[in-house]
Amino acid sequence: MSTGVAEPKEEEREKQKQVKSPAYEREELLNGCQAVAQAVRLADVDVIAAYPIRPYTEVMDAISKIIADGELDAEYIVADSEHSQFEIVKHASSVNARAFAGSSGTGWMYGFEALVVTASDRLPPVFLVGNRALDDPGAFGVEHNDAMALRDMGWLLVWVTTPQEALEHILLAYRIAEDKRVRMPCAVAMDGAFLTHSQHMVKIPSKSAVKQFLPPYDLAERRMHPDNPISVAPQVNEDWVMELRRQNWEAAKRARGVIKEAYEEFNGVFGERYTTPYFEEFMTDDAKVVLIGLGQVSAAGRTAARRLRAKGQKVGYITLRWFRPFPTHELRESLKRFHAVGVIDRDFAHGSVDDGGILLHEIRSLLYPVEKRPVVTNYITGLGGRDISIADCEKMFTLTQESVGRTEMNGQVTWIGLRE
Amino acid sequence: MIKTVEINYRGIFQKNLAKKIGSDVVIIASKMGRVGMSNGRYSDSPERNGIPCKYFAFVTHDLAEEELEAEAGAKLDIDKADVSVVLDDTMCKGVEPWGWHGVRAINEKVIEGGAMVVVSKRDHADLLRFVPKKPYDWRLGIIEGEASLAGLWVNKDDFTHERALGAIAGVDPDVIGIEAVEAYLNAKSPKQPERAQAARDAYEEVRKTTKTIKANQGVEWKHELPVLPRWQDFGEGIVVPAVKREFQLGPLGQSRNEQFKRGTTKTQRPVVRFDLCTKCTLCWLECPDECFDQTKEGHYDVAYEYCVGCGKCAQICPVDECIVMVDELQFENEHSPWKAYEKDKKRYVEWAEEKKSRGRYIHPFITGTGLEHVTGKRVPMREREPHAKGA
């Protein structure tokens, strides 16, 4: 099968081998936003559309500085709103320009009309969502509902847990989204404040290593160009839609394979950075009970697991990375090994089944076909940027351990960190 | 073990400076083989003029980065500070951040044996007229200087950044060491040895000036902390009852928001000579924070708790010497100046002149070339050159 990746010529490959430069060339103190901007530079993005909203704003600030410093040659277009911002990158993407945009919270929601058509047009720009609670009130803190709104729209959606991962996942996102077999837009979600505005030492890849990993964007037969006269997304009537959806579904299915491939290639260039593509297990080998969550809560979750292990408790933590496409098969096989699964939701699905979170519903539905199902409980926590401490995670482990063998606790939703 | 450094700064003016200090603490610590991270208090609004904000740096010798992240990175505020840097000494009177935290003591987070380093031209006794007491011993260090605006690109670098790094090394070498600070600064700007020298000087200075403050030394803290309600206890739909509109003549005669006063934003306050006042109403009309209260006599009292020290009243007042901005650390309370004037007019005038003589804010006029400046003088309206017609 064609990979859509241009095979490097023999002499180029030889040249690449001779280059002794390390995959990471230097270390800098960067927050999540600045790390993403570095990735945009390294991916040699052609078109950036910007419109400010905290916490995403610092991404566009950092990119504009990189351009002003002469480190990136790109069109930087300040849009009049998120809606225009997302339309700009969609159109840029259709003429074979690698494009980047991003937003947060209600700004992200404002651009939704443009976001949904980007998916049905099967174009692959990459977006950064600095997760922010939806207004009102105008709190800046993290809540995952903004990015989660994409979940049924035909997008790729991935969460990162550190600024380092944020940088690397922008590169991975382009690699996966632009693949001929996929060609879907990709949103990289990053917890507002705790990741976007927290500074860590970040290893910055060398340009040559990125070039080795990330092939140029090539829309080939779908590239809009005078030499390739095509029309994108003309009006079609009702008798076309189901077939279009079916195509999108097929692309999402293929994306699962491409994701796996991309991580393998990434590891090949940058060293063994990622053990598994879709999610990462921690101390799960002989665990009876696990917590699973998205994003930065993994630091507290894994630390809590480590501490409870020291006390002899058989607990583990799973960081779910890819939410769309959902790693159905792999995660089902993983989770069915445990007696109880505690699902952490930094979101809330108002009025849904059992009044739980979005991730609860996915995980419970995932495990329904399993014969000996683990008990699944749910923790709504950290909404709007409320701290999730190590102690909170220990509490969630304790509650999950208590649910072992108690099927009546299936779907029990507990709010952690609420003033009540 | 995690070492926490807190940098107290004033919104916008010192935002970049504070971030630079916090960032460099982490970079220097990691060059020493330690693990660090830094962030700002996310609920702050560092773009707002003068509002007290915090930047943090965390350093550990023995924890993995992920554990540091779990302990320190996932929190909106800190629980304790091993070192607290105060970039503007007027914040010693207390800090009320933009997020609803109430007016907080400047040394609230300083742990037993921990250190607070203040950039100030005052001595320990002078600062302790404002800094609250703690139930344990702690340390107070001073690096001599004025509140720096060097973080704004239009302002000249005054080495406060380097001096703060040296001072942090001076009070707690477990955060960063002075040799590492010097090596870092020299490597960063090899042609400016004065940067590393500034850090070294501040290091020596703070080691000399740091004094142990005994338990119960300092002032009684009078501000209550707000208690956030349970979900059951406040109105639905984010509806907040308005402050009841009331107006009476006399001090504090207008109704104001009790929950957010903003008074700790000021670094200077207006001193009013009621005896010179012509009752022209301009200060009352122009004050952006409605801090002036009309009295029965037609004068204007000042509600200092609500004054942010913007200086607009002093600019607009047409009477020479009637309203003058004076350094905030000249004042120990927010009492009504009008009441003091009414009680003893002569004494009040003497008091006001004494304050003005010690802490008057002078805004120099920059002359045509910009290379020299002369001290400004308020010129009475009648002596000013008339405006050209149509101008």
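Residues numbered from 1 in each chain as written. Chains lettered and ligands numbered in written order. Predicted model: local features only at pLDDT ≥ 70, side-chain atom pairs only at ≥ 80, totals over all residues.

1. Quick notes on the overall build of chain A
Part 1: Helix and strand counts for chain A come out as 14 helices and 15 strands.
Part 2: For 420 residues, the compact-globule formula gives about 22 Å, and the C-alpha radius of gyration of chain A, at 21 Å, lands near that figure.
Part 3: With the C-alpha coordinates aligned to their principal axes, the bounding extent of chain A is approximately 65 × 55 × 45 Å.
Part 4: Among the 420 residues that make up chain A, the fraction classed as buried is 51%.
Part 5: Considering only contacts within chain A whose residues lie at least 6 apart along the sequence, 80% involve residues at least 24 apart. (Helix = DSSP H or I, 4+ residues; strand = E, 2+ residues; numbered from the N terminus. Rg over C-alpha atoms; globule rule 2.2 N^0.38 Å. Buried ≥ 20, exposed ≤ 12 C-beta atoms within 10 Å, placed from the backbone. Contact = placed C-beta atoms within 7 Å.)

2. Description of the overall build of chain B
Part 1: Scanning chain B from N- to C-terminus turns up ten helices and 13 strands.
Part 2: Relative to its length of 391 residues, chain B is compact, with a C-alpha radius of gyration of 23 Å against a globular reference of 21 Å.
Part 3: The principal-axis extents of the C-alpha atoms in chain B amount to approximately 65 × 65 × 45 Å.
Part 4: Counting the 391 residues in chain B, one finds 45% classified as buried.

3. With respect to the interface of chain A and chain B
Part 1: Each partner contributes residues to the interface: chain A has 24 residues there, and chain B has 24 residues.
Part 2: For the side of chain A that touches chain B, the per-class residue count stands at eleven nonpolar, eight polar and five charged. (Nonpolar A, V, L, I, M, F, W, Y, C, P; charged D, E, K, R; others polar.)

4. Some points on the domain arrangement of chain B
In many analyses, interface size is given as the accessible surface area lost on bringing the parts together.
Part 1: When cut into domains, chain B gives domain 1 (2-213) and domain 2 (236-391).
Part 2: Taken together, the 15 residues of domain 1 of chain B in the interface contact eleven residues of domain 2 of chain B. (Domains from an automatic or database assignment.)

5. Notes on the domain arrangement of chain A
Residues and elements named next belong to chain A.
Part 1: Each domain of chain A was delimited in the assignment, giving domain 1 (22-270) and domain 2 (279-416).
Part 2: Between the C-alpha centres of domain 1 and domain 2 there is a distance of 28 Å.
Part 3: Of the residues lining the interface, 26 residues belong to domain 1; the matching set on domain 2 comes to 19 residues.
Part 4: Elements with a contribution of two residues or more to the side of domain 1 that touches domain 2: helix 7 (145-148), strand 6 (156-159), strand 7 (186-191) and helix 10 (241-270).
Part 5: Across the side of domain 1 that touches domain 2, the residue classes break down as 17 nonpolar, five polar and four charged.

6. Quick word on the packing of helix 2 (residues 32-42) of chain A against helix 3 (residues 57-68) of chain A
All names here are of chain A.
Part 1: Look at helix 2 against helix 3: their axes get within 8 Å of each other, and the N-to-C directions meet at 45 degrees. Judged on the interaxial angle alone, helix 3 and helix 2 are oblique. Crossing of helix 2 over helix 3 shows right-handed handedness. Facing helix 2, whose interface residues are C33, Q34, V36, A37, V40 and R41, helix 3 presents E58, V59, A62, I63 and I66. (Axes fitted to C-alpha atoms, helices over the stretch in contact; angles between N-to-C directions. Parallel < 35°, antiparallel > 145°, perpendicular 65-115°, else oblique. Left-handed = near helix turned anticlockwise from the far one by under 90°.)

7. Some points on the sheet that holds strand 3 (residues 75-78) of chain A
Residue and element names in this part refer to chain A.
Part 1: Spatially, the seven strands line up as an open sheet ordered 3-2-4-5-7-6-12, and their pairing is mixed. Edge positions in the sheet fall to strand 3 and strand 12 (322-324), since each has one partner strand and no second. Sheet twist, expressed as the average angle between the axes of neighbouring strands with direction ignored, equals 20 degrees.
Part 2: Judged from the six bridges that link them, strand 5 (residues 126-131) and strand 7 form a sheet pairing that is parallel. In the strand pairing of strand 7, V129 is matched with A189. (Pairing = 2+ DSSP bridges.)

8. Some thoughts on the sheet that holds strand 9 (residues 279-282) of chain A
Residue and element names in this part refer to chain A.
Part 1: Within the open sheet, the six strands sit side by side as 9-11-10-13-14-15. Their pairing is mixed. The open sheet is flanked by strand 9 and strand 15 (413-416), the only strands paired with a single partner. Recorded for the sheet is a direction-independent mean angle of 20 degrees between the axes of neighbouring strands.
Part 2: The pairing of strand 14 (residues 375-381) with strand 15 spans four bridges and is parallel. The partner of N378 across the bridge, within strand 15, is V413.
Part 3: Sitting on the sheet, helix 13 (residues 358-367) touches strand 10 (289-294), strand 13 (340-345) and strand 14, and the angle it makes with strand 13 is about 150 degrees.

9. Let's talk about helix 1 (residues 15-31) of chain B
Residue and element names in this part refer to chain B.
Part 1: Taking 1.5 Å of rise per residue, the 17 residues of helix 1 would be expected to cover 24 Å, and the 24 Å separating its terminal C-alpha atoms lies within 8% of that figure.
Part 2: Within helix 1, 13 of the 17 residues are buried, leaving the element largely enclosed by the surrounding structure.
Part 3: Of the residues flanking the end of helix 1, it is G33, one or two places downstream, whose phi is positive at about 85 degrees. (Expected span 1.5 Å × (residues − 1).)

10. Details of the confidence of the model for chain A
Residue and element names in this part refer to chain A.
Part 1: The share of residues in chain A with pLDDT of 70 or more is 95%, and the mean pLDDT across the chain is 94.
Part 2: Of the regions scoring below 50 in pLDDT, residues 1-8 engages in eight contacts with residues more than four places distant in sequence or in other chains.
Part 3: Every residue in residues 16-20 is under pLDDT 50, and counting partners more than four places away or in other chains gives two contacts. (pLDDT = per-residue confidence, 0-100.)

11. Side note on the environment of D77 of chain B
Part 1: The topology assignment puts D77 of chain B in the loop between helix 2 (65-73) and strand 4 (81-86).
Part 2: Note: C-alpha distance between D77 of chain B and G40 of chain B (37 residues apart in sequence) is 8.8 Å.

12. What to know about the pairing of strand 5 (residues 110-120) of chain B
All names here are of chain B.
Part 1: Burial analysis of strand 5 places eight of its eleven residues in the buried class, which makes it a mostly covered element.
Part 2: Pairing of strand 4 with strand 5, which is carried by five bridges, proceeds in the parallel orientation. Counterpart to V86 in the pairing with strand 5 is V118.

13. Comments concerning the nonpolar core
Looking at soluble globular proteins, one finds that nonpolar side chains tend to be buried together.
Part 1: Formed by 193 residues in total, the largest nonpolar core has its most connected members in V36, I170, I176 and V188 of chain A together with V25, V117 and I168 of chain B.
Part 2: Per-element accounting of this core gives the leading share, nine residues, to helix 8 (residues 163-177) of chain A.
Part 3: With residues near it in sequence (within four places) discarded, I170 of chain A still touches V36, A39, V40, A43, V126 and V188 of chain A.
Part 4: V308, C313, I323 and Y348 of chain B belong to the second largest nonpolar core, which has 27 residues in total. (Core = buried A, V, L, I, M, F, W, Y, C linked by C-beta atoms within 7 Å.)

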